[in-house]
Amino acid sequence: MQHRILGRTGISVSKYALGTLRLGAWGNGDHDDAVRLIRTALDGGINLIDTADQYSGGEAEEIIGKAVHGRRDEVVLATKGHFPVRMGDGDPNRRGNSRRWLTRAVEDSLRRLGTDRIDLYQVHRPDPATDIDETLSVLSDLVRAGKIMAIGTSDFPAEQIVEAQWAAERRHHIPFHTEQPPYSLFVRGIEADVLPTARKYGLGVLTWSPLNSGWLTGRFRHGEPIELNAFRRVVAHKFDLELPGNRRKVQAVEELLAVARDAGVPLTHLALAFAAAHPAVTSVILGPRTVGQLTDQLAAAELELDDEILDRIDRIVPPGVTLNPSDADYRTPALAVAERRRGPAARPAAA
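Residues numbered from 1 in each chain as written. Predicted model: local features only at pLDDT ≥ 70, side-chain atom pairs only at ≥ 80, totals over all residues. Heavy atoms only, no water.

**Examining the overall build of the protein**
Okay, step 1: In terms of regular secondary structure, the protein is built from 12 helices and 10 strands.
Okay, step 2: Radius of gyration (C-alpha) of the protein: 20 Å, near the 20 Å computed for a compact globule of 351 residues.
Okay, step 3: Dimensions of the protein, computed from C-alpha atoms along their principal axes, come out at roughly 65 × 55 × 40 Å.
Okay, step 4: Here the protein holds 351 residues, and the buried ones make up 54% of them.
Okay, step 5: The contacts of the protein with a sequence gap of at least 6 include a subset with a gap of at least 24, amounting to 78%.
Okay, step 6: When the accessible surface of the protein is totalled, it reaches about 15,700 Å², and 50% of it is carbon and sulfur.
Okay, step 7: Placing the 44 positive and 47 negative side-chain charges of the protein at their respective mean positions leaves the two points 3 Å apart. (Helix = DSSP H or I, 4+ residues; strand = E, 2+ residues; numbered from the N terminus. Rg over C-alpha atoms; globule rule 2.2 N^0.38 Å. Buried < 20%, exposed > 50% of the residue type's maximum accessible area, 1.4 Å probe, protein only. Contact = heavy atoms within 4.5 Å. Areas by Shrake-Rupley, 256 points an atom, 1.4 Å probe, with all protein chains shown as cover. Lys, Arg positive; Asp, Glu negative; His and termini not counted. Charge placed at Lys NZ, Arg CZ, Asp CG, Glu CD.)

This is how it looks when you write it as structure tokens:
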């Protein structure tokens, strides 16, 4: 397993990381099996484990704590905070990027993980209600207290990455060292702005969903219905064949399967190698639910794609293109909230 330096932190991380979204109630609820999966990843050369306090309502962090017990120094442990830990929690102060919430969220993550420090703490999403200066201030304090070793972001647009770097410099905060965006053969939008920005500021990049929620396993084929299991219902927009982008995925899968056959590799391996090939990408986060899936994905670790294959991929999905825009996950409030794009004259007068 190759290792790469994570931005400017000096921390060495594996080319592939283990994501834990599907551990616990959201996927594999067998704790013993989930612990076995994590330890198989460590034995296979992965040293970076990525999670979030929200995953399975904190259960994923608890499973990781069990799995790394006695092996903590082998692991670069990354988690995230921003969302309510419990889905449906209506308390508006138990979410976001405020000092009040992140201070509590970090303490809770430390307890669930059974550790005295978090190697990389990431803000899970931007928070338009909290000034970035406030967020950087509390995270800097937590770094200086020794509870966090480095800080990063997830799903931040390029302009907010830049704003955060400027704020850190102006106010003498510790800057963000990483960004975690979605990136795959079908979700290439970050090539246009986020990845160049990350390289400019020396950020490490941890990409997630390299198989695009299962699309790039090749299991969804032309003419076959897509069964919505519990996980796919949560992200139904990624599988709705009424959307043109998803119909384009069906066609692209057939074309990419041909590329994979010519290369003599499974489509999953082609997809993983593609995500790791971009020079701005530090580590690709795998999301296996079972040991079998992990073992298959680890087999792609040494695969390198030549220019001919990469050029064929570019002809199928051009650089900078995301086939289904909803796959990008974060949508700026300037577009998502109607009041942000409609002036007073566009709103009807009060009755």
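**Overview of the packing of helix H1 (residues 31–43) against helix H2 (residues 59–67)**
Okay, step 1: The interhelical angle for the contact between H1 and H2, taken along N-to-C directions, is 60°, at an axis separation of 9 Å. In this structure, H1 crosses over H2, and the sense of that crossing is right-handed. Only Glu59, Ile63, Ile64, Lys66 and Ala67 of H2 make contact with H1, whose side of the interface consists of His31, Ala34, Val35, Ile38 and Arg39. (Axes fitted to C-alpha atoms, helices over the stretch in contact; angles between N-to-C directions. Left-handed = near helix turned anticlockwise from the far one by under 90°.)

**Looking at unusual backbone geometry**
Okay, step 1: One non-glycine residue with positive phi stands out, namely Ser56, at about 55°.
Okay, step 2: With respect to the helices, strands and loops of the structure, Ser56 is situated in the loop between strand S4 (48–50) and H2.
Okay, step 3: What makes Ser56 buried here is its relative accessible area of 7%.
Okay, step 4: Located in the positive-phi region is Ser209, a residue other than glycine, with phi close to 55°.
Okay, step 5: Considering the arrangement of structural elements, one finds Ser209 in the loop between strand S9 (204–207) and helix H7 (230–234).

**Observations concerning a negative patch on the surface**
Okay, step 1: On the surface, Asp131, Glu134, Glu159, Glu163 and Asp193 cluster together to form a negatively charged patch.
Okay, step 2: Locating Asp131 in the fold gives a position in the loop between strand S6 (120–123) and helix H4 (132–144).
Okay, step 3: For Asp131, a relative accessible area of 52% puts it in the exposed group. (Patch = residues over 30% accessible without salt bridge, like charges linked within 9 Å, V, L, I, M, F, W, Y side chains within 5 Å. Salt bridge = Lys/Arg side-chain N within 4 Å of Asp/Glu carboxyl O.)

**Focus: the pairing of strand S7 (residues 151–154)**
Remember that side chains alternate between the two faces of the sheet whenever the strand is regular.
Okay, step 1: Residues of S7 alternate between two faces, with Ile151 and Thr153 on one and Gly152 and Ser154 on the opposite face, all of them buried.
Okay, step 2: Examined bridge by bridge, S6 and S7 share 3 bridges and lie parallel to one another. Within S7, the position partnered with Val123 by the bridge is Thr153.
Okay, step 3: Note: S7 against strand S8 (residues 178–180), 3 bridges, orientation parallel. Within the sheet, the bridge partner assigned to Ser154 lies in S8 and is Gln180. (Pairing = 2+ DSSP bridges.)

**Comments concerning the pattern of salt bridges**
Two side chains bearing opposite charge may form a pair once their charged atoms approach each other closely.
Okay, step 1: Under the definition given, this model contains 22 salt bridges.
Okay, step 2: The shortest N-O distance in the salt bridge between Glu304 and Lys15 comes to 3.8 Å. Taken together, the positions of Glu304 in the loop between helix H10 (291–298) and helix H11 (307–316) and Lys15 in the loop between strand S2 (12–14) and strand S3 (16–19) put the pair 289 residues apart, joining distant regions of the chain.
Okay, step 3: The buried category is assigned to Lys15, whose relative accessible area is 1%.
Okay, step 4: Taking the shortest distance from any N to any O, the salt bridge between Arg312 and Asp262 comes out at 2.9 Å. Pair noted here: Arg312 is in helix H11 and Asp262 is in helix H8 (residues 244–263), with a separation of 50 residues, a long-range link.

**A short note on the nonpolar core**
Okay, step 1: Core analysis: the largest hydrophobic core is formed by 92 residues, its most contacted members being Tyr16, Leu139, Phe186 and Leu270.
Okay, step 2: With 8 residues, helix H9 (residues 267–277) is the single largest residue contributor to this core.
Okay, step 3: Those residues in contact with Leu270 that sit more than four places away from it in its chain are Leu256, Val259, Ala260, Val265, Leu303, Leu305, Ile309 and Ile313. (Core = buried A, V, L, I, M, F, W, Y, C linked by side-chain atoms within 4.5 Å.)

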